[in-house]
Amino acid sequence: MKPFLRSQLERYAQRLGELDFLLSREDIMSDMAQYRRISVEHAEVTQVAGRYARYQQRESDLAGAREMLADPDMAEMAQEEITSAEAELLQLEDELQRLLLPKDPDDARNAFVEIRAGTGGDESALFAGDLTRMYTRYAANVGWKVEVVSENAAELGGYKEIVLRIEGDHVYGALKFESGGHRVQRVPATETQGRIHTSACTVAVMPEPDEHEAIKLNPADLRIDTFRASGAGGQHINKTDSAVRVVHLPTGIVAECQDGRSQHSNKAKALQVLQARIQEKERSERAAKEAALRKGLIGSGDRSDRIRTYNFPQGRLTDHRINLTLYKLLQVMEGDLGDVLQALQHAREAEQLEELEMSVA
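What you see is a predicted model, and the numbers here were worked out from it, not measured in a lab.

J.: Whenever I open this one, the sheet that holds strand β6 (residues 222-227) confuses me. Can you help?
T.: Pairing between the strands of a sheet is mediated by backbone hydrogen bonds and can be parallel or antiparallel. Across the sheet, three strands lie side by side as β6-β7-β8; this open sheet has antiparallel pairing. Edge strands, defined here as strands with exactly one partner in the open sheet, are β6 and β8 (253-257). Neighbour-to-neighbour, the strand axes of the sheet open up by a mean angle of 15°, direction not taken into account. Sheet topology places β6 next to strand β7 (residues 243-248); six bridges connect them, and they run antiparallel. In the strand pairing of β7, I224 is matched with V246.

Following this line, the structure appears as C-alpha cells:
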C-alpha cells in the first residue's frame, strides 16, 4: 500500500475515537441536528476504519505465514495462507482506495435526463428517440422508475426534446457522465441512396434538487404560462390548458411539464425541473472553471463536449473521453449500458485517486 494511503487511513482510526467521544456527550445528544450529522460521519468513518483494521490483520497474518515457510512441516499450510492473504489484501486495498475518494452528495439522488435533438433534422430526432429508449430500458433492467416530465415529439418519430425523471437508487451517480454530445453515424430510413449520415443529440443529466436545499425561487422572477398539451394523452389532456411552462426571467431558463392531468401537478414538476436546470447551470460554470485549470478525462459535462459516437454500420460504440470502444452497439441501444457506465466510473475514480495523491504529496 502506498504511504500516502496509509497515512490517510491512520487518520480515520483517530477520527473514530473523537466521534465516539462526541456521541457520548449529553449536549450533542440533545441537539438532534448536530447528533444526526455526527452519526452520519461516524457510520462512514466506522466503515473505513473497520476495513483498514481488517487490512492490518491480514498484513500481520501474511508476515506470520512467511515466517512459517522455514518449517518444512508447516510450509504447505503457510503457502496456502500466503496466497489467501495476498489476494484479500489486494481486494481490501482497492476497496479502501474507493472509500477514501471524495463523494458527490448528489450521487444518491434521483435525476432528470434531458435529451435534445441537434444537427441532423429528422434523423437527429429519431436518434433522440433511440437514446430515450436506451436509458428507459437500462432503468428497467436495474429496477428504476421512469416518468416523462415533458416531450416535444417530432413529425416522423422521435423527439425534438424530451425530459425524463428517473427515480431509484444512486441514479445521478450512475448516469451523470452521460451529459454531453452524442453523435450517431448510420444510414437513415429516409435515405434512398444508402449514404451514411452523421447527426447528433445532446444529453443533460441533472440531480433532482433536495426540497430542503433547493434554490429558493423569487415569484417575481418567474413567468408562468399555461397551454394546451400536445401529443398523445387522450381526450381530457387535449381539451384543457393543463400544461405549464415556467420561465426564469433573470437567466432565461425555461422548463415545462404537460405529462400530468392537473395544472397544479404540472406546475410543481416544471418548477422542479427549473430548479434542477438553474443548479446545473451553476454546476457547469464551476466545472468549466476547474477544467480550465485541469482537463480531466471525463470533462465538464458541458453540452458542447462530444463524448460518444454510435457507429451503426460497424456496430461500434466509442466513448472519446476514455478511449473505450465496444462492438456491441445493438445490445447497448437495448439498454445494456453497464459496461460503459462502469468504465466511466472507474476512470473517474482513477482521476480522483491521482488528485488525492497529489494533494498530500
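J.: Just to check I follow, could you spell out the packing of aromatic side chains for this structure?
T.: The relative placement of two aromatic rings is captured by the distance of their centres and the angle of their planes. If you walk through the whole model with that rule in mind, you get three aromatic pairs. The interplanar angle of 70° and the centroid separation of 5.3 Å between the aromatic rings of F127 and Y310 together place this pair among those described as edge-to-face. Highlighted residues: F127 in helix α5 (residues 121-142) and Y310 in strand β9 (residues 306-311), separated in sequence by 183 residues. Both residues of the pair, F127 and Y310, belong to the buried class. With 5.6 Å between their ring centres and 80° between their planes, Y138 and W144 make a pair best called edge-to-face. Both residues of the pair, Y138 and W144, belong to the buried class. The lysine or arginine in question, R186, covers the ring of F312, its NZ or CZ lying 4.9 Å from the ring centre.

J.: So what exactly am I meant to see when it comes to the pairing of strand β3 (residues 159-167) here?
T.: Walk down a regular strand and you will see the side chains alternate between the two sheet faces. Sheet topology places strand β1 (residues 111-117) next to β3; six bridges connect them, and they run antiparallel. From the neighbouring strand, E114 faces β3, where its bridge partner is V163. Summarising the sheet, strand β2 (residues 145-153) and β3 pair through eight bridges and their orientation is antiparallel. Among the inter-strand pairings, V146 is bridged to a residue of β3, identified as I166. Hairpin connection, β2 to β3: the antiparallel pair is bridged by five residues, and G157 has positive phi, about 115°.

What counts and how
The numbers attached to residues start from 1 for each chain and follow its sequence in the written order. Thresholds applied to this predicted model are a pLDDT of at least 70 for local features of residues and 80 or more for the giving and counting of side-chain atom pairs; totals over whole chains, interfaces and linings are not thresholded and use all residues. Derived side-chain values reflect all non-hydrogen atoms in the structure, with water molecules and hydrogen atoms excluded from consideration. Following DSSP output, two strands are said to pair if at least two bridges run between them. Only runs of H or I of at least four residues qualify as helices and only runs of E of at least two qualify as strands under DSSP, and these elements are numbered from the N terminus. Under this scheme, a helix contributes an axis fitted over its contacting stretch, all axes are lines through C-alpha atoms, and angles between N-to-C directions fall in the 0 to 180 degree range. Pairs were defined over the aromatic rings of Phe, Tyr and Trp, the Trp ring being its six-membered one, requiring ring centres within 6.5 Å. Orientation was assigned from the angle between planes: stacked under 30 degrees, edge-to-face over 60, tilted for the rest. Three labels apply to residues, based on accessible area from a 1.4 Å probe with only protein chains included: buried if under 20% of the type maximum, exposed if over 50%, partly exposed otherwise in between. Charges are assigned to positions over rings by a cutoff of 6 Å between ring centre and Lys NZ or Arg CZ, combined with an angular limit of 35 degrees from the ring normal.

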